[in-house]
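Okay, here's what each chain looks like letter by letter:
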Amino acid sequence: MGIYWECQRCTACCQWPGEVKVTEEEICQMAAWLSLSEREFIERYTRLRQDRRGLALVEQEGGACVFLQGRDCLVQPFKPRQCQEFPNGWRASPELMRQCQARPVWRAGTREECSGEERGA
Ligand code: SF4
Ligand code: SF4
């Protein structure tokens with residue numbers, strides 16, 4: 001048993017500065033969802049990560065994720081794994097975690113892992 005944090009979709013993490021990493025598979029899924037070619041998706045919505053080891057989603061002016069519209073995620077059914085998992089397994093900043101509205105629930109088999117400090121949802 002362990003604590004699993006259940007997202008309440010408050011969008012705080014979508015507005016938090018940081019990178020949302022995207023894999024080739026995630027790009028393929030999100031591009032299809034938006035009826036774009038992968039090339040169009042990459043050109044419009046991604047940039048090189050700071051460590052130059054892959055791509056991340058671009059941000060809106062002000063720092064929010066490019067796919068945040070009001071309180072909705074425009075790629076919700078296919079949002080990146082990082083967004084699906086947050087805040088579980090993340091060591092996010094205390095400031096972000098004070099804003100995060102996720103609720104703790106007990107689940108069998110939940111493991112505590114840490115992937116670093118980045119944005120997710
Ligand atoms: S992809 Fe969606 S869930 Fe992930 S940060 Fe952007 S708006 Fe939030
Ligand atoms: S993970 Fe937390 S901060 Fe992000 S949308 Fe869900 S409840 Fe809000």
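Since the structure is predicted, the reported quantities are computational estimates derived from the model, not experimental observations.

Colleague: Quick one: what's the story with the pairing of strand β7 (residues 103–107), residue by residue and with numbers?
Modeller: Consecutive side chains along a regular strand alternate between the two faces of the sheet. Here β7 lies mainly on the outside; 0 of its 5 residues are buried. Both strand β1 (residues 2–6) and β7 contribute to a ladder of 5 bridges, which runs antiparallel. Bridge assignment links I3 to a residue of β7, and that residue is W106.

Colleague: Provide a residue-level description of the sheet that holds strand β4 (residues 55–57), including the pertinent values.
Modeller: Pairing in this open sheet of 3 strands is antiparallel, and the strands run β2-β4-β3 from one edge to the other. In this open sheet, the two strands that pair with only one neighbour each are β2 (21–22) and β3 (46–48). With 2 bridges joining them, β2 and β4 adopt antiparallel strand pairing. Looking across to β4, one finds that V22 is bridged to L55.

Colleague: Provide a residue-level description of the packing of helix α2 (residues 24–33) against helix α3 (residues 38–45), including the pertinent values.
Modeller: Interhelical geometry of α2 versus α3 gives an angle of 100° and a closest axis separation of 9 Å. As summarised for this structure, α2 and α3 are arranged roughly perpendicular, according to the angle between their axes. Contacts between α2 and α3 involve I27, C28, M30 and A31 on the former and, on the latter, E38, F41 and I42. Residues belonging to the contact of α2 with α3 are distributed by class as follows: 6 nonpolar, no polar and 1 charged.

Colleague: Tell me about α2, and name the residues and values.
Modeller: Looking only at α2, the buried set comprises E26, I27, M30 and A31. Buried positions in α2, seen along its axis, are confined to an arc of 130° and lie on one side of it. Counted as exposed and oriented over 90 degrees from the buried face of α2: E24 and E25. Against the buried residues of α2 lie β2, α3 and α4 (81–85). Where α2 ends, the next residue or the one after it, S35, has phi of about 55°, a positive value.

Colleague: Describe unusual backbone geometry, listing the residues and the values that go with them.
Modeller: Between F86 and P87 the backbone carries a cis peptide bond, its omega angle lying at 0°. Locating P87 in the fold gives a position in the loop between α4 and α5 (94–99). With a phi angle near 55°, R9 is a residue other than glycine that sits in the positive phi range. Secondary-structure assignment places R9 in the loop between β1 and α1 (12–15). The phi torsion at S35 lies on the positive side, around 55°, for a residue other than glycine. Judged by C-beta crowding, with 7 C-beta atoms within 10 Å, S35 ranks as exposed.

About the cut-offs
- Along every chain, residues carry numbers that run from 1 in the direction the sequence is written.
- The lettering of chains begins at A and the numbering of ligands begins at 1, in the order of writing.
- Residue-level local features of this predicted model are given only where pLDDT is at least 70; pairs of side-chain atoms are given and counted only at 80 or more, and the full residue set underlies all totals for whole chains, interfaces and linings.
- Neighbour counting defines burial: a residue surrounded by 20 or more other C-beta atoms within 10 Å of its own C-beta is buried, one with 12 or fewer is exposed, and intermediate counts give partly exposed, using backbone-placed C-beta atoms.
- In this text, helices come from DSSP runs of H or I with a minimum length of four residues, and strands from runs of E with a minimum of two, each type numbered from the N-terminal end.
- Paired strands, in this sense, are two strands between which DSSP finds at least two bridges.
- Axis definition: a line fitted to C-alpha atoms, over the contacting stretch in the case of helices. Angles run 0 to 180 degrees between N-to-C directions.
- With respect to orientation, any angle under 35 degrees is reported as roughly parallel, any angle over 145 as roughly antiparallel, any angle of 65 to 115 as roughly perpendicular, and every other angle as oblique.
- Here, residues touch in the contact sense if the C-beta positions derived from the backbone fall within 7 Å of one another.
- Asp, Glu, Lys and Arg are counted as charged, while Ala, Val, Leu, Ile, Met, Phe, Trp, Tyr, Cys and Pro are counted as nonpolar; the rest, among them Gly, fall into the polar class.
- Note that the arc is computed from the directions linking the helix axis to the C-beta atoms.

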